[in-house]
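Okay, here's what each chain looks like letter by letter:
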Amino acid sequence: MSPRQELVRRARTIVVKVGTNVLSTDDDRLDSDRIASLAEQIRRLVESGRKVVLVSSGAIGAGMGLLGLRERPKDLSHLQAAAATGQAHLIHLYDKHLRPHGFHAAQLLLTANDFKSRARYLNVRNTLLTLAEFPTVPIVNENDTVSTEEIKLGDNDRLAAMVANLIRADLLIVLSVVDGLLTGDPTDPASRRIPLVERFDEELMSLVGASKSSRGTGGMRTKLEAVQTATAVGTNVMIANGKRPQILDEIFAGEDVGTLFLAEQEAVPAWKRWIGYTLPPKGKLVLDDGARRAVEQQGKSLLAIGVTAVEGDFEKGEVVSLVDLRGEEFARGLTNYDSGTAGRVAGKRADEISALLGAMRYDEVIHRDNLVVRS
Ligand code: GLU
């Protein structure tokens, strides 16, 4: 059995992201046949004992068609109106085609804030876990109608990576209208599909310009960013062509389709995924080389004595980046001190901190349990 066959055989929890262009017909309507075919393939996956969560784009595209908007609107309120109208149609089609297979479509509309707040994050996870007890297929999209510029997740590639992260998926499948990551421009006939990427590196980014999707908001660049997020915490990722009629069947038969990106490490525990890869850091702690070594190589907590500078404005309990003297980020963690207090204790020994702050102080600026090394 090839490594690819072995990997798909073992994958139990799967996130499938479907892009707008996969779901659109040439005349800009939702492709009901495509959705029917995906529903059937998903049934086979679930029957084989796998858990599947869909992340589906297509709301704005469908809404444009329904509202008679020829061009993608530029302003947020028209995009939101299109999304509100299109989302109903999108979920209706999924439900219609899942029902004959005995499944219900379960709709989850999420925003960036749902991933930042621990309570909301856990609520989403609990909902997904509970849905798995029933014959449902959870279908996630961004809650476009309430997402304003500041809180937008941006694109569904990123959303899919965050959902994969949330449920600790073994495999994230990104269905697009390209065959996978190519060696060159998709319009160049000399470009070849890269079947396997064993280790993600920045050079891969240079293979894709600033390519952008025509109807959706993604492109190969955002896909690679999603790949990076997912592989870093232990999820394998496949980018494949969703226009191929039996693409999910092909993938799970271990056929040589798409580009498979291997996870970089064993699955990272859920709490650490949230700290290290979900929350945006609110500030920085600059560490001397001894502290970097202690944290990175010796599994130690971060003590104040190793902190040389504090940047940003943060509260106790928020996520901060740990950077070295050259400014390179190598870890993140939940800080025990707000930025003002962290600045006062930086570089001090425990007895000096006691003298300064009294009994109510922590020995560590960041406890090991709340610290994630990212390098
Ligand atoms: N949420 C958008 C939609 O459903 C898609 C965003 C994207 O294309 O990535 O239309």
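Parameters at a glance
Residues numbered from 1 in each chain as written. Predicted model: local features only at pLDDT ≥ 70, side-chain atom pairs only at ≥ 80, totals over all residues. Heavy atoms only, no water. Pairing = 2+ DSSP bridges. Helix = DSSP H or I, 4+ residues; strand = E, 2+ residues; numbered from the N terminus. Buried < 20%, exposed > 50% of the residue type's maximum accessible area, 1.4 Å probe, protein only. Salt bridge = Lys/Arg side-chain N within 4 Å of Asp/Glu carboxyl O. Core = buried A, V, L, I, M, F, W, Y, C linked by side-chain atoms within 4.5 Å. Contact = heavy atoms within 4.5 Å. Axes fitted to C-alpha atoms, helices over the stretch in contact; angles between N-to-C directions. Phe/Tyr/Trp six-rings, centres within 6.5 Å; stacked < 30°, edge-to-face > 60°. Parallel < 35°, antiparallel > 145°, perpendicular 65-115°, else oblique. Nonpolar A, V, L, I, M, F, W, Y, C, P; charged D, E, K, R; others polar.

A. Main features of the sheet that holds strand E6 (residues 196–197). Pairing in this open sheet of eight strands is mixed, and the strands run E3-E4-E2-E1-E5-E7-E8-E6 from one edge to the other. Of all the strands in the sheet, the pair left with one neighbour each is strand E3 (104–110) and E6. In this sheet, strand E5 (residues 171–176) lies alongside strand E1 (residues 13–18) in parallel orientation, the contact comprising five bridges. From the neighbouring strand, isoleucine 14 faces E5, where its bridge partner is leucine 171.

B. View of helix H8 (residues 156–166). Counted residue by residue, H8 has 10 buried out of 11 residues, so it is predominantly covered. Of the residues making up H8, those classed as buried are Asn156, Asp157, Leu159, Ala160, Ala161, Met162, Val163, Ala164, Asn165 and Leu166. In the stretch just after H8, arginine 168 is the one whose phi turns positive, near 55°.

C. Structural detail: the pattern of salt bridges. Under the counting rule described, the total for this entry stands at 24 salt bridges. Between glutamate 6 and arginine 10 there is a salt bridge whose closest N-O contact spans 3.4 Å. In this pair, glutamate 6 and arginine 10 are both assigned in helix H1 (residues 3–10), four residues apart and thus about one turn of the helix distant. When its relative accessible area of 56% is taken as the criterion, arginine 10 is described as exposed.

D. Representation of the pairing of strand E13 (residues 329–334) in the model. Along E13, five of the six residues are buried, which leaves the element largely enclosed by surrounding structure. The pairing of strand E12 (residues 319–323) with E13 spans five bridges and is antiparallel. Within the sheet, the bridge partner assigned to serine 321 lies in E13 and is arginine 332. Count of turn residues in the E12/E13 antiparallel hairpin: five residues, of which glycine 327 carries a positive phi of about 85°. As paired elements, E13 and strand E15 (residues 371–373) share three bridges and run antiparallel to each other. Residue pairing for E15: arginine 332 is matched across the bridge by valine 372.

E. Region of the structure containing the nonpolar core. Ranked by internal contacts, the top residues of the largest apolar core, which has 51 residues, are Val15, Leu172, Leu181, Leu224 and Phe261. If you list the elements that add at least two residues to this core, you get strand E2 (51–56), E3, helix H7 (118–131), H8, E5, helix H9 (220–232), strand E7 (236–241) and helix H11 (270–278). For this core, the leading source of residues is H8, giving seven residues. Residues in contact with leucine 181, not counting those within four places in the same chain, are Arg192, Arg193, Ile194, Val197, Leu204, Leu207, Val208, Met220, Leu224, Thr259 and Phe261. Listed in part, the 38 residues of the second largest apolar core include Val52, Ala62, Ile139 and Ile247.

F. Main features of the sheet that holds strand E9 (residues 283–287). Reading across the sheet, the five strands line up as E11-E9-E12-E13-E15 and stay open at both edges, with mixed pairing between neighbours. Whereas interior strands pair on both sides, the edge strands pair on one side only; in this sheet they are strand E11 (307–312) and E15. Across the sheet, the axes of successive neighbouring strands diverge by a mean angle of 25°, strand direction being ignored. Where E9 lies against E12, four bridges are found, and the strand directions are parallel.

G. A look at the packing of aromatic side chains. Inspection of every chain in the model, using the stated rule, returns three aromatic pairs. Taking the centre distance of 6.4 Å and the plane angle of 70° together, the rings of phenylalanine 115 and tyrosine 121 count as edge-to-face. When sorted by exposure, phenylalanine 115 lands in the same class as tyrosine 121, which is buried. With 5.8 Å between their ring centres and 25° between their planes, tryptophan 271 and tryptophan 274 make a pair best called stacked. With tryptophan 271 and tryptophan 274 both in helix H11 and three residues apart, the pair spans about one turn of that helix. By relative accessible area, which is 31% here, tryptophan 271 ends up partly exposed.

H. Highlighting the packing of H8 against H11. Their axes nearest at 10 Å, the elements H8 and H11 cross at an angle of 155°. In terms of orientation, H8 lies roughly antiparallel with respect to H11. Between H8 and H11, the residues in contact are Met162, Ala164 and Asn165 and Arg273, Tyr277 and Thr278, respectively. A per-class count over the contact of H8 with H11 returns three nonpolar, two polar and one charged.

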